[in-house]
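# Chain and residue survey
These are the residues of each chain, in order.
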Amino acid sequence: MDDRLPVLIVTGFLGSGKTTLVQRLLQRIGGEETGVIVNEFGEVAVDNRLYVGMPDDAEIISNGLARKEDISRAFYNIVKRAKADKAKMKRVIFETSGLADPTPVIAVLAEDAWLKANLRLVRVVSAVDAVAGIGSIDTYSETRQQIAVSDLAILTKSDLRAAVDFDAVQLKLRTLVPDLELVDAQSPEFREEELFAEDSRTFPRPAIQEPSASGETSDFQSFVLPITETVDWPLFTLWLSALLFAHGDRIVRVKGLLKTDASRGLLAIHGVQRTMHPPTHMPEKEARPDDCHLVFIVHSIDQASIRSSYQRFVERRFPRAPTASSRFSSIPCN
Ligand SMILES: Nc1nc2c(ncn2[C@@H]2O[C@H](COP(=O)(O)OP(=O)(O)OP(=O)(O)O)[C@@H](O)[C@H]2O)c(=O)[nH]1
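So, how was this worked out
Residues numbered from 1 in each chain as written. Predicted model: local features only at pLDDT ≥ 70, side-chain atom pairs only at ≥ 80, totals over all residues. Heavy atoms only, no water. UniProt positions renumbered as here; feature names shortened; annotations may be inferred. Pairing = 2+ DSSP bridges. Helix = DSSP H or I, 4+ residues; strand = E, 2+ residues; numbered from the N terminus. Axes fitted to C-alpha atoms, helices over the stretch in contact; angles between N-to-C directions. Contact = heavy atoms within 4.5 Å. Salt bridge = Lys/Arg side-chain N within 4 Å of Asp/Glu carboxyl O. Buried < 20%, exposed > 50% of the residue type's maximum accessible area, 1.4 Å probe, protein only.

Looking up the chain in an unreviewed UniProt entry gives the name CobW C-terminal domain-containing protein, with the organism given as Mesorhizobium zhangyense. According to the UniProt record, the Function (unreviewed entry) comment for the chain is "Zinc chaperone that directly transfers zinc cofactor to target proteins, thereby activating them. Zinc is transferred from the CXCC motif in the GTPase domain to the zinc binding site in target proteins in a process requiring GTP hydrolysis." Note on the chain: under the UniProt heading Catalytic activity (unreviewed entry), the record states "GTP + H2O = GDP + phosphate + H(+)".

Okay, here's the thing in structure tokens:
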């Protein structure tokens, strides 16, 4: 009997729904029995704080485009934990960052003798966003690379009004990988736990481009906008919606936690390209003042203009409520 721990790699572009999928999976299979590794792109690791129910002891690799040594260190830590508490850990999930090529993760599991003796890769799945996914495939080579090495694509956000239909996404994926299966995460037939089902996994599909060895060639930058004060929620959403509407092609992802006048706890904020997702409430006990900030992942846009836009638009206390049009015209990064 193969008693090595099964590993599932979850990949997908920025904001495609990887963490949501992992969270749903953990709810189905039991978070205490699952070792989780999260690689994040951003100056600070936030994903495990944006979701209720993510394990506190997740291994976080926060240098965005993880190098092989970071990946193997995280797997070593997980296996050591599993050995220390033998009966408990039953499986491992590795969530890549939205810009990472999963190939180095696959390579580490295939090359390191000790890891190979303790872990076995079950499959690589790619979250594909039904709203932004086709555009991301066309625009970002990172998305194409993630899909090329995946065994299965999982359609997310098909419940949203702006979602492209399943067949159109399937058709698009098959221009990259002719036999790639797509399943809909919103379908009642979708069972997250089956992602760990034991059929023999095929070897990774051939990469369609050379992966960047260190990952340091990315054109994307991330920065943190600290927001320690309580935010005027209507004003804030007006600002962020306008910013994403105007620059959603270059502000690829915004996420973070805010303390707002509309909520006694914290609100988790998610913007993905031009879509601002509904905020989610975080329990008050999770609130720590230094947690409150937004993480931006951008390309071809000056972060100073976003910072000054925020300062002018949201931080400034208006003596009288300005009209919507005067507020919009004050965004300097148009
Ligand atoms: N309506 C809807 N929203 C979803 C779905 N999946 C994810 N979202 C929302 O999309 C936003 C981004 O989801 P995440 O799970 O954080 O995406 P991610 O791929 O982990 O993001 P990064 O780690 O930044 O790359 C969040 O607001 C989620 O609630 C879905 O199937 N339907």
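With parallel pairing, the seven strands of this open sheet are ordered in space as β3-β2-β4-β1-β5-β6-β7. Every interior strand has two partners, whereas the edge strands, β3 (59-61) and β7 (181-184), have only one. If you compare each strand with its neighbour and ignore which way they point, the axes differ by 25° on average. Relative to the sheet, helix α1 (residues 18-29) contacts β1 (5-12), β2 (34-39), β4 (91-95), β5 (119-129) and β6 (152-156), its axis offset from that of β4 by approximately 170°.

Let's shift gears to the pattern of salt bridges. The full count for this structure, using the stated rule, is 16 salt bridges. Here R28 makes a salt bridge to E192, at a shortest N to O gap of 3.8 Å. Placement of the pair is R28 in helix α1 and E192 in the loop between β7 and β8 (221-226), with a sequence separation of 164 residues. On the basis of relative accessibility, which here comes to 4%, the residue E192 falls in the buried class.

What follows concerns the environment of L155. Note on placement: L155 falls in strand β6. By relative accessible area, L155 is classed as buried at 0%. Each C-alpha atom, one on L155 and one on I60, is 25 Å from the other, the two residues being 95 residues apart in sequence. Setting aside its immediate chain neighbours within four residues, L155 contacts V128, A130, F166, V169, L182, V183, D184 and A185.

With that out of the way, let us pick up the pairing of strand β11 (residues 275-282). As paired elements, strand β10 (residues 266-272) and β11 share six bridges and run antiparallel to each other. Pairing of G271 across the sheet is with M276, part of β11. Two successive antiparallel strands, β10 and β11, enclose a turn made up of two residues, where Q273 displays a positive phi of approximately 50°.

As a further point, take unusual backbone geometry. The phi angle at K157 is positive, at roughly 65°, despite the residue not being glycine. When you line up the elements, K157 lands in the loop between β6 and α8 (166-176). Backbone geometry at Q273 places phi at a positive 50°, although glycine is not the residue there. Note that Q273 resides in the loop between β10 and β11.

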